[in-house]
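So you can see what is in the structure, the chains are spelled out below.
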Amino acid sequence: MKEDRERYDFGWSWRWMHGYWIAGSIMMALAASLYYYLPEQRILLILVVIEAMILFAGNIVWRSSRKQEYMTLPWVDLFTAGPKTVLDAGCGSGRTTIALSKVMDEGDITAVDRFDASYIKEGGRHLIERNLAIAGISGMVKIVRGDLTELPIEDESHDAAISTYAIDHMKKKGSALSEIHRVLKPGGRFLLVVFVPNWATFLIANALCLFLTSRKKWRTIFKEAGFILVDEGTINGGGFFLAEKIRSVRENY
């Protein structure tokens, strides 16, 4: 099993895996130039060195996400035991799909994605097929090409849904959550894992992390989509939210 897992390819491009340390090295070279040629610019020198250190730290955080131990999900009550139909919204190259299969006794997974992400090699369409075959779960996964804001899936057809690091990249986050709400059965639960402003995202995105959707805003989006929030927390540097589709109108009161 260990040998198989080492063969997974989730398609992160070379520039994403090496860009941080290259940029950090450039900043350190700039700092050296400032030290020798403009020694009087001490404040600028300090700022450049700090930025270089942040980039190197970001490189460590980003590259660590490739480790197999990061193929985990929050320990939450996503669904009850027994056969289930679960939606993986924004499946990419199958990392979450594989992790999801490990906590399912039996059932089927519908893996949906547009397969056009620039940071995944060739969008991930052929990679997910390969990775699922390595994991030995091809038979339990149906791969569907589609947009999360217009899911090609019937109403109330799934017992649970999950989405990791996909919806936070979208402009129409509310539309995606509303669509997931539509395809869930009453009482079905949805686990969302996203980047939120924190120290880990600061190391990766610096000040840009302040433009990420906050936890407070996510709570509002869930409510507007018709969900009730059951649990939330942190995993692998990101934030997770567990929400439930209200069973009846009475549960609103």
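Going along each chain's sequence as written, the residues are numbered from 1 onward. Local features in this predicted model are restricted to residues whose pLDDT is 70 or higher, and side-chain atom pairs enter the listing and the counts only when it is 80 or higher, whereas totals over whole chains, interfaces and linings include all residues. Only hydrogens and water are set aside when side-chain values are computed; all heavy atoms of the structure are taken into account.

Draft legend 1. The arrangement of unusual backbone geometry in detail. In this structure, Phe 115 takes a positive phi of about 55° despite not being glycine. In this structure, Tyr 165 is a non-glycine residue whose phi angle is positive, near 50°. Helix and strand labels come from DSSP, where a helix needs a run of H or I of at least four residues and a strand needs a run of E of at least two; each type is numbered from the N terminus. Assignment of secondary structure puts Tyr 165 in the loop between strand 4 (158-164) and helix 6 (173-183). Partly exposed residues are those whose accessible area sits between 20% and 50% of the maximum for their type, while under 20% is buried and over 50% is exposed, using a 1.4 Å probe and protein chains only. Among the residues examined, Tyr 165 registers a relative accessible area of 24% and is labelled partly exposed.

Draft legend 2. Quick look at the confidence of the model for the chain. The pLDDT value tells you how sure the predictor is about a given residue, anywhere from 0 up to 100. Confidence in the prediction of the chain, expressed as mean pLDDT, is 82, and 78% of residues score 70 or more. Note on contacts: a residue pair is in contact if any heavy atoms of the two residues lie within 4.5 Å. Within the model, the stretch residues 1-5 combines pLDDT values under 50 with three contacts to residues more than four positions away or in other chains. When the criterion is pLDDT under 50, residues 249-253 qualifies, and its contacts beyond four places in sequence or with other chains add up to two contacts.

Draft legend 3. Inspection of the sheet that holds strand 7 (residues 238-245) at higher detail. At least two bridges found by DSSP between two strands are what make those strands a pair. Here we have seven strands laid out as an open sheet, ordered 3-2-1-4-5-7-6, and mixed in their pairing. Either end of the sheet is taken by a strand with one partner, and the two such strands are strand 3 (141-145) and strand 6 (227-235). Along the sheet, successive strands turn relative to each other by an average axial angle of 15°, direction set aside. Relative to strand 3, helix 5 (residues 125-135) is tilted by about 180°, and along the sheet it contacts strand 2 (107-113) and strand 3. In this analysis an axis means a line fitted to C-alpha atoms, helices contributing only their contacting stretch, and an angle means the value between N-to-C directions, from 0 to 180 degrees.

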